[in-house]
Amino acid sequence: MTRRCILHFGMFKTGSTSIQNTLFRLNAEIPWVYLNIGTPNSSIALQTMFRRQSKTAQVSLKRGLDRAEQVRRKHDYFKRMEEQINATDKDLFLSGEGMCVFSEMELQRLIAWLSRFVDEIVAVGYVRPPKAYMESAFQQIVKGGYSKFTPNAVYPNYRKKFEKFENLLGRDRVQYWLFDPKAFQHGCVVRDFASRLGVTLKERHVKRVNESLSREDLAMLYCYRKYGDGNRIGGEAVKQDLLLIKKLGELEGHKLRFSPDLVRPILEARRSDIAWMEERLGQPFKEDLTARTELGVADENDLLQVDEASLNILCDWLGVSPVVDMGTKPAEVARLIGQLRCKIASERKKPAVRQAPPGVEVAGRQGMPGNNIGHQRGRAGEDVYLKALFQKAKEAHPGEFDRINENEAVALLRAAFSEIKQQIELADEGVITVPSLGDFRGRRVIRDAGGKKASQKKIFFHATK
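Residues numbered from 1 in each chain as written. Predicted model: local features only at pLDDT ≥ 70, side-chain atom pairs only at ≥ 80, totals over all residues. Heavy atoms only, no water.

*Asks:* Can you break down the packing of helix 2 (residues 43-50) against helix 4 (residues 67-86) residue by residue, with the values?
*Replies:* Interhelical geometry of helix 2 versus helix 4 gives an angle of 110 degrees and a closest axis separation of 9 Å. Considering the angle they form, helix 2 stands roughly perpendicular to helix 4. Considering how the two elements wind past one another, helix 2 and helix 4 form a crossing that is left-handed. Residues Ala45, Thr48, Met49 and Phe50 of helix 2 form the contact with helix 4, whose participating residues are Gln70, Lys74, Tyr77, Phe78 and Met81. (Axes fitted to C-alpha atoms, helices over the stretch in contact; angles between N-to-C directions. Helix = DSSP H or I, 4+ residues; strand = E, 2+ residues; numbered from the N terminus. Parallel < 35°, antiparallel > 145°, perpendicular 65-115°, else oblique. Left-handed = near helix turned anticlockwise from the far one by under 90°. Contact = heavy atoms within 4.5 Å.)

Here it is, written out as structure tokens:
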């Protein structure tokens, strides 16, 4: 029987995160093995495995990983994925937008490795129109630490990204789909993607992840990147960055839009590249390059303007008086954002007080909260907690658990928690999402122990809202 692998290359900013999180969560229910190292997006793993070390060094440095840790992870990623491949004869599915930035030689290494296990490899992905892509990609690089206004640098370069797939796999084994939410099944990119591969998903299956910042959010973050200390390195700095961006994402606002006058000459200079991509898609992009909006960004000065409403919310978060007559001083905005970052980091380090169900004592040091909610000494203590949890579930959902007795419920809960624990332990980095509970985020940090650098894994939990 022919075994194949589907390579999902993205592209960037085409709903890939939602696709990845949904299929990763449904791994046992889809007709493929969703290859992973404990996280839905395999971009970092694939870059560690197949790119030259010089290309991954900067990212590794920012994350606080030394050369020895990079090598260890590379071997570990190969081991994990090959164990998943060898454990079944199902087709394989591998998703990571990072494949688009591989050189042809690096992509060839990936394909050669996969070819040891499969007979056929197919590459698939959505393609976003150039202006919309540039707007999303610019936002992404600012979130990553970029502090220069260079829209020209985020033009998608379609042929450079995709022609290598055709050269190595053959034109007929590369499928491109126009990213057009209005034309998608149920207006949902996840369900549209699954249907193209012969899988039907219900609405309840879809895990949507919206990572976008508004134009107002991005203006404040850009001020911080350009005039503040927003380009720190190290694992802890990356965590603080993520928390800051998540906080800014709470602000509602307008979508980032570039002025047509800014984008038009960039696209004119790349007319042949766009024509190449449109020929592959079998249709034109049809972007409107005439529509203008009051908030359209025409130059860097536009992006450095922070609106009064956003500033007032920022001051409210910090507990300071609203800024009066600040004008357009981006350095002052950067200072305030820096204060917000420090405040968020400080609050994160405060120990959380955990509450246990009635009748369950939380074990821990005297005067300190327990290490785990409802933690007990011994199996009997665990059963007390699990029984109490079951009783609370029965009270909250009358009639739904009448056919299961207490002992069966305890055994089921213990097995479920054990499986969750194992998933968390296997995931070196990234997010493990437990529906109706929350996200467990694993991070590797470098600690100074007795004058020596040591890698340590830390787990953070964020409850579902």
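*Asks:* Which residues make up the side chain of Ser214, and what are the values?
*Replies:* Structurally, the position occupied by Ser214 is in the loop between helix 8 (189-196) and helix 9 (215-227). In this structure Ser214 comes out as buried when scored by relative accessible area, which is 8%. Look past the residues within four positions of Ser214 in its chain and what remains in contact with it is Leu251, Glu252, Gly253 and His254. (Buried < 20%, exposed > 50% of the residue type's maximum accessible area, 1.4 Å probe, protein only.)

*Asks:* Tell me about the side chain of Thr22, and please be specific about residues and values.
*Replies:* Considering the arrangement of structural elements, one finds Thr22 in helix 1 (residues 16-25). Residue classification places Thr22 among the buried positions, given a relative accessible area of 0%. Dropping the residues within four chain positions of it, Thr22 is found in contact with Val190, Leu201, His205, Val206 and Lys207.

*Asks:* Which residues make up the pattern of salt bridges, and what values do they have?
*Replies:* Working definition: two side chains of opposite charge can pair if their charged atoms are close together. Taken as a whole and assessed by the stated rule, the structure comprises 24 salt bridges. Residue Glu203 is joined to Arg191 by a salt bridge in which the shortest nitrogen-to-oxygen separation is 3.4 Å. Remark: Arg191 occurs in helix 8 and Glu203 occurs in the loop between helix 8 and helix 9; sequence separation between them is twelve residues. Assessed through its relative accessible area of 40%, Glu203 is described here as partly exposed. Among the residues examined, Arg191 registers a relative accessible area of 12% and is labelled buried. Among the salt bridges present, the one from Arg264 reaches Asp261, with a minimum N-O distance of 3.1 Å. Remark: Asp261 and Arg264 occur in helix 11 (residues 260-268); sequence separation between them is three residues, near one turn of the helix. Here the residues in one salt-bridge network are Glu166, Arg171, Glu279 and Arg280, joined through shared partners. (Salt bridge = Lys/Arg side-chain N within 4 Å of Asp/Glu carboxyl O.)

*Asks:* Before we move on, could you go through the packing of aromatic side chains and cite the residues and values that matter?
*Replies:* Each aromatic ring pair is summarised here by two numbers: the centre-to-centre distance and the angle between the ring planes. Counted under the stated rule, the structure contains 25 aromatic pairs. Aromatic pair Phe138 and Phe149: ring centres 5.5 Å apart, planes at 80 degrees, arrangement edge-to-face. Pair noted here: Phe138 is in helix 6 (residues 130-143) and Phe149 is in the loop between helix 6 and helix 7 (158-169), with a separation of eleven residues, a long-range link. Its relative accessible area of 16% is what places Phe149 among the buried residues. One aromatic cluster is present, formed by Phe24, Trp32, Tyr34, Phe93, Tyr126, Trp177, Phe179, Phe184 and Phe193 through successive ring pairs. The ring centre of Trp317 lies 4.6 Å from the NZ or CZ of Lys247, which sits over that ring. (Phe/Tyr/Trp six-rings, centres within 6.5 Å; stacked < 30°, edge-to-face > 60°. Lys NZ or Arg CZ within 6 Å of the ring centre and 35° of its normal.)

*Asks:* Got a sec to walk through the sheet that holds strand 2 (residues 32-34)? Specific residues and values, please.
*Replies:* An order of 2-3-1-4-5 is seen for the five strands of this open sheet, with the pairing classed as parallel. Here the strands that pair on one side only, and so sit at the sheet edges, are strand 2 and strand 5 (174-178). Averaged over all adjacent pairs, the angle separating strand axes in this sheet is 20 degrees, with direction ignored. Relative to strand 3 (residues 91-95), strand 2 is paired through three bridges, and the arrangement is parallel. Paired with Trp32 across the strands is Asp91, a residue of strand 3. Contacting strand 1 (4-10), strand 3, strand 4 (120-127) and strand 5, helix 8 runs over the sheet at an angle of about 150 degrees to strand 4. (Pairing = 2+ DSSP bridges.)

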